[in-house]
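Structure assessment
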Amino acid sequence: MSQRRIVLFSHGQESGPWGTKITALAQDARDAGLDVDSIDYRGMPNPAERAAKLVARMRESDDEILLVGSSMGGYVAVAAAQRQPAAGLFLMAPALAVPDWPPLEDTVDAPAFVVHGWEDDIVPPQWSIEFARANKARLHLLRAGHSLTEALEEIRGLFRLFLSACD
């Protein structure tokens, strides 16, 4: 019996588990025949606690897991992938080097796509550039701000490419 593939979404600090981007990408994942789940981190401001919750969710599954994270959720996805194997990472405007948060290792052992907006005024695009360089990840810099909602259709295309690359 082959292993199921599931996409686990991690939302940002100020959003919820089924925001605009996650809802759209989850539909794309379902259309590709994948299962989806979006972890609810509301009321959990600590990124380390969020990462621990994601790792626990990953460990209760025998599925092949693809992690998708936005902003703080990107940090959470990377932190989890450094503790528990993931089949791939799709990161959107990941907050990877916030000074008050526990530092991450430079690399992850999973293929990664990184999407970031040039006009992001919350998370510097440089963090994504450095992560992509260290991990030889596919990096996509878009004309967009932190929420990336103005580039949603472009992101959906990149996400579908990511899903194909992780086959």
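Remember, predicted model here, so these are calculated numbers, not experimental data.

This part takes up the pattern of salt bridges. This structure, assessed with the given rule, holds ten salt bridges. For Arg4, the salt bridge goes to Asp35, with nearest N and O atoms at 2.6 Å. With Arg4 in the segment before strand 1 (5–10) and Asp35 in strand 2 (residues 35–39), this pair connects stretches of sequence that are 31 residues apart. Relative accessible area serves as the criterion here: at 30%, Asp35 is assigned to the partly exposed category. Here Arg42 makes a salt bridge to Asp40, at a shortest N to O gap of 2.7 Å. Salt bridges linked by common partners bring Asp28, Glu153, Arg156 and Arg160 together as one network.

What follows deals with the side chain of Gln84. Along the chain, Gln84 falls in the loop between helix 3 (72–81) and strand 4 (88–92). There is a polar contact of 2.8 Å between the side chain of Gln84 and the side chain of Arg59. In contact with Gln84, not counting residues within four places along its chain, are Val55, Met58 and Arg59.

Inspection of every chain in the model, using the stated rule, returns seven aromatic pairs. Arranged with centres 5.1 Å apart and planes meeting at 65°, the rings of Tyr75 and Trp101 form a pair that is edge-to-face. One end of the pair, Tyr75, is in helix 3; the other, Trp101, is in the loop between strand 4 and strand 5 (112–117), and 26 residues separate them in sequence. For the pair shown, Tyr75 and Trp101 are each scored as buried. Among the aromatic residues, ring-to-ring pairing joins Phe9, Phe90, Phe113, Phe159 and Phe162 into one connected group.

Along the chain, the position of His116 falls in strand 5. His116 has contacts with Ala93, Pro94, Val123, Pro124, Pro125, Ser128, His140, Leu141, Leu142 and Leu148, leaving out every residue within four places of it along the chain. One polar contact links His116 to Ser128, side chain to side chain, over a distance of 2.6 Å.

So, about the nonpolar core. Grouped together as the largest cluster of nonpolar side chains are 33 residues, with contacts concentrated most on Leu54, Met58, Leu67, Val78, Leu89 and Phe131. Secondary structure elements with two or more residues in this core: strand 1, helix 2 (47–59), strand 3 (64–70), helix 3, strand 4, strand 5 and helix 4 (125–135). Here this core gets eight residues from one element, more than from any other, and that element is helix 3. If we skip the residues at most four places from it in the chain, Met58 touches Leu8, Ile65, Leu67, Ala80, Gln84, Pro85 and Ala86. Of all hydrophobic cores here, the second largest spans 26 residues; its members include Ile22, Leu34, Leu66 and Met92.

It is worth spelling out the environment of Pro125 at this point. Take Pro125: it is sitting in helix 4. Separated by 42 residues in the primary sequence, Pro125 and Arg83 place their C-alpha atoms 25 Å from one another. If near-sequence neighbours (up to four positions away) are discounted, Pro125 is found in contact with His116, Gly117, Trp118, Asp120 and Leu141.

About the criteria used
Residues numbered from 1 in each chain as written. Predicted model: local features only at pLDDT ≥ 70, side-chain atom pairs only at ≥ 80, totals over all residues. Heavy atoms only, no water. Salt bridge = Lys/Arg side-chain N within 4 Å of Asp/Glu carboxyl O. Helix = DSSP H or I, 4+ residues; strand = E, 2+ residues; numbered from the N terminus. Buried < 20%, exposed > 50% of the residue type's maximum accessible area, 1.4 Å probe, protein only. Polar contact = N/O pair within 3.5 Å; in protein donor to acceptor, adjacent residues only side chain to side chain. Contact = heavy atoms within 4.5 Å. Phe/Tyr/Trp six-rings, centres within 6.5 Å; stacked < 30°, edge-to-face > 60°. Core = buried A, V, L, I, M, F, W, Y, C linked by side-chain atoms within 4.5 Å.

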